[in-house]
Amino acid sequence: VARVAAVSMDAELLTQTSRDARDDAEPGRATDLSRAARRVQVREDARATRLAAFAARRVSNTKSSVVDDPNAARTPSESHTNEALMHELLVDPDFRLERGNSESSQSVPSDGTSASSETPQTQTLATRIQTTMITAFWDAVRDGLAKNDVAAAARAVGELGDALAATCPDSCRSEAEAALLLQLTPTVATVSLTRVLQDPITLHANFGTVITDAARMLTRLGAPRRDAPSQESFAQLELSLGQLATSAVAFAANGEHGKARLSVANAVVDALKQMFDTLNNIKLDTGNAGLAALAKLARGKDGAEWALGKFAKRFGIPSLESVGYFEDTQGGDCDATRAAVAAALPGTHAWLGSATATAHRLDANIPTAAFGLNATVSKTNANAIPSAMRSGRGVPSVGFPGNGKEPENTEKHHEETCVTRASSSEGLLRLALCGLVCGEPGTENETENESPGSETTPFPETLEFDKPRVRFLQNSFAKLRARAAVLLASNRFVHRRLRSTALEQGSRPTWQVNVARLDSLLNDETTEVEDIAVEIVAGNGRDTNTDAALVTVTQEIRGLIDPGCSECKKLTAALTEATQVRALLGPLSRSTLENGAARAMAVAAPLARFGFTADADAAVAKDVSFLVERIYNTIGAVTWSVHEPVYNALFRDVVQQDDEI
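Residues numbered from 1 in each chain as written. Predicted model: local features only at pLDDT ≥ 70, side-chain atom pairs only at ≥ 80, totals over all residues. Heavy atoms only, no water.

Caption draft 1: Molecular detail of the overall build of the protein chain. Secondary structure assignment for the protein chain yields 23 helices and zero strands. Considering the protein chain as a whole, with its 661 residues, one finds that 43% of them fall into the buried category. Of the contacts formed within the protein chain by residues at least 6 apart in sequence, a portion of 73% connects residues at least 24 apart. (Helix = DSSP H or I, 4+ residues; strand = E, 2+ residues; numbered from the N terminus. Buried < 20%, exposed > 50% of the residue type's maximum accessible area, 1.4 Å probe, protein only. Contact = heavy atoms within 4.5 Å.)

What follows is the structure, given as structure tokens:
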């Protein structure tokens, strides 16, 4: 289309020139416009024809990503990506894109992906694979040019043009930039690169000029803070291109055409790599500017409501306004809506259902005093702690002074400080989250490339954007379990040693293990079980039974950390229950003098039943509380604020199916 438009434009200019010649030869010929005016009109028409040809080429190009209409319908992939970005903002309003972690930061042709600025020591497996693919792609382009094959390089030039067109809409382009985009096509690039390989002296005229114009356009589109680095890098690139062009000409003059083509190939690849790298920065800055503008929305309720609406539309959930809290007065319509929500979200339904038995058991086991009648109660929890009882014979109102009314909540705690019963929608969610993180039966830990769920309990749909965080929390729990196992083994060893020395009956053993030293060993990836056993035994002096003690402690630690051993399963169950109890009662930092002791005892109960003594129990309980706060801050708060109506619907449904009352 571009070539046809150019031919048409040249024909029109020749026709107009012949008309001007006739006017000069025939002074009496009538004309509406002077020759100067006609020339201006011809130039305007030519410009319009060129821009129309450019627009036609972009429309016909199926790979183009130009979207001038901000209200245009987005593809499912784009919509899903926007939901993921909003979710990250809800978790952390200061979230920003980094190189290589979003589609918007990908900036190389479709045959490769963008490079990451991470060092090899900090790169993840995916980043290392990505970097390797990038290197392989550009090596293939260079090898192709060295063999007179310009197809890959021409495609890269065409994708550079498409990327620039997507970044700069029609309304924002100058005439020079529109003309530049017409040159950044595979067809034109094929002709230019072929000429350069045949005659390296034309490198600047056929390729260098286009790269210079593209660099100028990229500098204009970039953020002001990148102007100085961009200009400096482009100046260095221009110097490098000049040196490579000189080398190519010298090689060609000496008849070394292979080396000449290699110099040209290096010049082309270096230039394209820098163009895409600069374009990457522009896309990254543009995306982060948009995220910064949305951060205020994410801090309010509008962000959660938007996320819930998109989630409901994507999964085909009925209007969430009719879900609400599902008051009993809604009758049959309410039941039908609950069934529809359960059918739309089978993974979440099964996930919550797997925690109902735990909810009933904890409701029966946790003492009432641990909840604390004066504690802050979640306003969204309809099954929270009652403030008074009207049943029985003369049972007075309890818990609150005066007329028994619940006092006003003068302090606005965050949602994490709200105490909740296990048999409530919010309580069931907390138990299910702890079960997913701690690896209860049916939710065992998975590898990095798999979903954190299992075949028996699919991964919940409401946590689709939290899979990396779930894996991180599962790893955190595995570290907690390893530390608890080491502390328990060391605690048992200390008590055995004290008993063996005929310690006075009834006296309390002292904690003699260097916990800081054990933690440093646990944080060292090269540490073996034997090293920890040596630290435990040697830290308490040596005797004639040192070798036997080392064997005993080593076997104990292995049994506690081996998932196939019964001791490890019991330890996991005890830590999971302690985590769930702490999740229901809130973090240690919010416990008051009245309820702090009762809550600590409730959390310590499952640990004590397993065999932890007071010394080891206190250390592990702090780790449990820290893990619970991390679960809330990374997953719990956002999923409850966004999907609260969904959880309310599913809670009523699973309780109806499995209600011990």
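Caption draft 2: Broad picture of the pattern of salt bridges. Scanning all chains against the criterion turns up 19 salt bridges. Two residues, Asp170 and Arg173, come together in a salt bridge whose shortest N-O distance is 2.0 Å. When its relative accessible area of 39% is taken as the criterion, Asp170 is described as partly exposed. Of the charged contacts, one joins Glu177 and Arg220 as a salt bridge, the two residues approaching to 2.7 Å between their closest N and O atoms. Here the residue Glu177 occupies a position in helix α6 (residues 175-183), and Arg220 occupies one in helix α8 (residues 203-221), the gap between them amounting to 43 residues. One continuous salt-bridge network, built from bridges that share partners, spans Glu83, Arg314 and Glu464. (Salt bridge = Lys/Arg side-chain N within 4 Å of Asp/Glu carboxyl O.)

Caption draft 3: Representation of the side chain of Thr219. Topologically, Thr219 is positioned in helix α8. Given a relative accessible area of 17%, Thr219 falls into the buried group. Apart from the residues lying within four places of it in its own chain, the contact partners of Thr219 are Asp227, Ser230, Gln231 and Phe234.

Caption draft 4: The arrangement of the nonpolar core in detail. Grouped together as the largest cluster of nonpolar side chains are 91 residues, with contacts concentrated most on Trp351 and Phe612. Ranked by the residues each element gives to this core, the list is headed by helix α23 (residues 614-657), at 16 residues. Apart from the residues lying within four places of it in its own chain, the contact partners of Phe612 are Ala484, Leu488, Leu571, Leu607, Asp617 and Val620. Judged by nonpolar contacts, the second largest core, of 47 residues, contains Trp138, Leu164, Phe234 and Ala265. (Core = buried A, V, L, I, M, F, W, Y, C linked by side-chain atoms within 4.5 Å.)

Caption draft 5: Broad picture of a nonpolar patch on the surface. A contiguous nonpolar patch, built from Leu125, Ile129 and Met133 and spanning about 280 Å² of accessible area, is present on the exposed surface. Take Ile129: it is sitting in helix α4 (residues 125-146). (Patch = residues over 30% accessible without salt bridge, like charges linked within 9 Å, V, L, I, M, F, W, Y side chains within 5 Å. Areas by Shrake-Rupley, 256 points an atom, 1.4 Å probe, with all protein chains shown as cover.)

Caption draft 6: Molecular detail of the packing of aromatic side chains. With the rule as written, the count across this model stands at five aromatic pairs. Ring centres of Phe137 and Trp138 lie 4.8 Å apart, and the angle between their planes is 70 degrees; on these two criteria the pair is classed as edge-to-face. Pair check on accessibility: Phe137 and Trp138 agree, each one buried. Measuring from centroid to centroid gives 6.1 Å for Trp138 and Phe276, while their planes differ by 45 degrees, and the two rings are tilted. Placement of the pair is Trp138 in helix α4 and Phe276 in helix α10 (residues 257-299), with a sequence separation of 138 residues. Residue Trp138 shares its accessibility class with Phe276, and that shared class is buried. Through a chain of ring-to-ring contacts, the aromatic side chains of Phe137, Trp138 and Phe276 assemble into a single cluster. (Phe/Tyr/Trp six-rings, centres within 6.5 Å; stacked < 30°, edge-to-face > 60°.)

Caption draft 7: Main features of a negative patch on the surface. Taken together, the side chains of Asp524, Glu525, Glu528 and Asp531 make up a negatively charged region of the molecular surface. Position of Asp524 among the secondary structure elements: in the loop between α18 (515-522) and α19 (529-538). On the basis of relative accessibility, which here comes to 35%, the residue Asp524 falls in the partly exposed class. (Lys, Arg positive; Asp, Glu negative; His and termini not counted. Charge placed at Lys NZ, Arg CZ, Asp CG, Glu CD.)

Caption draft 8: Representation of empty space enclosed by the protein. The full count for this structure, using the stated rule, is three cavities of 30 Å³ or more. Reported here for the second largest cavity is a volume of approximately 110 Å³. Every residue lining the second largest cavity is counted, 14 residues in all, and those nearest its centre are His87, Ala307, Phe465, Val642 and His643. For the lining of the second largest cavity, the secondary structure elements donating two or more residues are α3 (76-91), α11 (301-315) and α23. Per-class residue counts for the lining of the second largest cavity are seven nonpolar, three polar and four charged. (1 Å grid on protein atoms, 1.4 Å probe; cavity = no way out; pocket = protein on both sides within 12 Å on 5 of 7 lines; lining within 4 Å. Points joined across faces, edges and corners; volume = space filled by probe spheres on them. Nonpolar A, V, L, I, M, F, W, Y, C, P; charged D, E, K, R; others polar.)

Caption draft 9: Expanded view of α19. Along α19, the positions that sit buried rather than exposed are Val529, Ile532, Ala533, Ile536 and Val537. All buried residues of α19 fall inside an arc of 130 degrees around its axis, so they share one side. (Arc of directions from axis to C-beta.)

Caption draft 10: Focus on the packing of helix α16 (residues 425-438) against helix α21 (residues 566-585). At a minimum axis separation of 9 Å, α16 and α21 run at an interaxial angle of 150 degrees. Taken together, the axis directions place α16 and α21 in an arrangement best described as roughly antiparallel. Note that α16 runs across α21; the crossing there is right-handed. Judged by residue contacts, Gly427, Arg430, Leu431, Cys434, Gly435 and Cys438 of α16 engage Thr572, Thr576, Thr579, Gln580, Ala583 and Leu584 from α21. Here the contact of α16 with α21 is composed, by residue class, of five nonpolar, six polar and one charged. (Axes fitted to C-alpha atoms, helices over the stretch in contact; angles between N-to-C directions. Parallel < 35°, antiparallel > 145°, perpendicular 65-115°, else oblique. Left-handed = near helix turned anticlockwise from the far one by under 90°.)

Caption draft 11: Broad picture of α21. Compared with an ideal rise of 1.5 Å per residue, which puts 20 residues at 28 Å, α21 spans 29 Å between its outermost C-alpha atoms and is within 8% of the ideal. Of all 20 residues that make up α21, 15 are buried, and the element is covered over most of its length. Where α21 ends, the next residue or the one after it, Gly586, has phi of about 90 degrees, a positive value. (Expected span 1.5 Å × (residues − 1).)

The analysis is restricted to geometry; functional conclusions fall outside its scope.
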